[in-house]
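Secondary and tertiary structure notes
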Amino acid sequence: MQVWVDADACPAEIKELLFRAAKRTQIKVTLVANQPMRTPRSEFIDSLLVPAGLNVADQRIVELTEEGDLVVTADIPLAAQVVEKGGQALNPRGALYTAENVGQRLAVRDLMDDLRGEGQITGGPANFNAKDRQAFANQLDRWLTAAKKQRPVE
């Protein structure tokens, strides 16, 4: 099991939290981006550079994700593909995407996209804040705890 991060748009605070968790729990974290990412030196932290282009990083994440993996992303279509492969996806604001809820979240996302396209909604999401960071940390901790229980004893 490992954590994949859709890193181009992931808040720095979330990346730092993931780096600390990787070192503490010895679970691999890989940042996937179309630009070089700075990462601390650790055998549990890595980055993967992909070519620039629409959804290139997303497609690479889907290709590499295995059952039980966690993908950190705010991209709901990517989350839906990850869940379809047996993984879980976690939004940087703490929303966990699972087989039970990703279809509904994708439908709402598509509706909101249509409303924005028609000019009926002009605002975006609220700024990332401490409450979002805490919600993410709580969900990550739950996933890490479950992952630890499923790991083979070394």
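Residues numbered from 1 in each chain as written. Predicted model: local features only at pLDDT ≥ 70, side-chain atom pairs only at ≥ 80, totals over all residues. Heavy atoms only, no water.

**Thoughts on the packing of helix 3 (residues 76–84) against helix 4 (residues 102–117)**
Contact geometry for helix 3 and helix 4: axes closest at 9 Å, N-to-C directions at 160 degrees. By the angle between their axes, helix 3 is roughly antiparallel relative to helix 4. Relative to helix 4, the crossing made by helix 3 is left-handed. Taken together, the residues of helix 4 that come into contact with helix 3 (itself represented by Ile-76, Pro-77, Ala-79, Ala-80 and Val-83) are Val-102, Arg-105, Leu-106 and Arg-109. In terms of residue class, the contact of helix 3 with helix 4 is made up of seven nonpolar, no polar and two charged. (Axes fitted to C-alpha atoms, helices over the stretch in contact; angles between N-to-C directions. Helix = DSSP H or I, 4+ residues; strand = E, 2+ residues; numbered from the N terminus. Parallel < 35°, antiparallel > 145°, perpendicular 65-115°, else oblique. Left-handed = near helix turned anticlockwise from the far one by under 90°. Contact = heavy atoms within 4.5 Å. Nonpolar A, V, L, I, M, F, W, Y, C, P; charged D, E, K, R; others polar.)

**Section: the nonpolar core**
Among the nonpolar cores identified, the biggest contains 26 residues, and Val-3, Val-5, Leu-18, Val-72, Phe-136, Leu-140 and Trp-143 are the most heavily contacted of them. Among the elements of the structure, strand 1 (3–6), helix 1 (12–25), strand 2 (29–33), strand 4 (70–72) and helix 5 (130–150) are those that each provide at least two residues to this core. Not counting residues within four places of it along the chain, the set of residues in contact with Val-5 comprises Cys-10, Leu-18, Val-29, Thr-30, Leu-31, Val-32, Ile-61 and Val-72. Ranked by size, the runner-up nonpolar core spans nine residues in total, among them Val-32, Val-50, Ala-57 and Ile-61. (Core = buried A, V, L, I, M, F, W, Y, C linked by side-chain atoms within 4.5 Å. Buried < 20%, exposed > 50% of the residue type's maximum accessible area, 1.4 Å probe, protein only.)

**A few points about the sheet that holds strand 5 (residues 88–90)**
One open sheet holds the six strands; their spatial order is 3-2-1-4-5-6, and the pairing between them is mixed. Two strands bound the open sheet, and with one partner strand each, they are strand 3 (45–49) and strand 6 (96–97). In terms of strand pairing, strand 2 meets strand 3 through five bridges, oriented parallel. If you follow Leu-31 over to strand 3, its bridge partner there is Ser-47. (Pairing = 2+ DSSP bridges.)

**As for helix 2 (residues 56–64)**
For helix 2, the set of buried residues is Ala-57, Asp-58, Ile-61 and Val-62. Taken end-on, helix 2 shows its buried residues confined to a sector of 135 degrees, consistent with a single buried face. Where helix 2 is buried, its residues touch strand 1, strand 2, strand 4 and helix 3. (Arc of directions from axis to C-beta.)

**Considering unusual backbone geometry**
With a phi angle near 60 degrees, Gln-26 is a residue other than glycine that sits in the positive phi range. By secondary structure assignment, the location of Gln-26 is in the loop between helix 1 and strand 2.

**Notes on the side chain of Asp-132**
Structurally, Asp-132 is set in helix 5. The class of Asp-132 is buried, set by a relative accessible area of 13%. Within the structure, the side chain of Asp-132 is placed 2.8 Å from the side chain of Arg-93, a separation counted as a polar contact. (Polar contact = N/O pair within 3.5 Å; in protein donor to acceptor, adjacent residues only side chain to side chain.)

**Re helix 3**
Each turn of an α-helix holds 3.6 residues, which means side chains three or four residues apart point in the same direction. Among the residues of helix 3, those classed as buried are Ile-76, Leu-78, Ala-79, Ala-80, Val-82 and Val-83. Packed against the buried residues of helix 3 are strand 1, helix 2, strand 4, strand 5, strand 6 and helix 4. Following helix 3 by one or two positions, Gly-86 has its phi on the positive side, about 100 degrees.

**What to know about the environment of Met-37**
Within the secondary structure, Met-37 is located in the loop between strand 2 and strand 3. For Met-37, a relative accessible area of 18% corresponds to the buried category. In this structure the C-alpha to C-alpha distance between Met-37 and Thr-98, which are 61 residues apart in sequence, comes to 28 Å. Leaving out residues up to four positions away in the same chain, Met-37 has contacts with Ala-7, Asp-8, Lys-15, Leu-31 and Ser-47.

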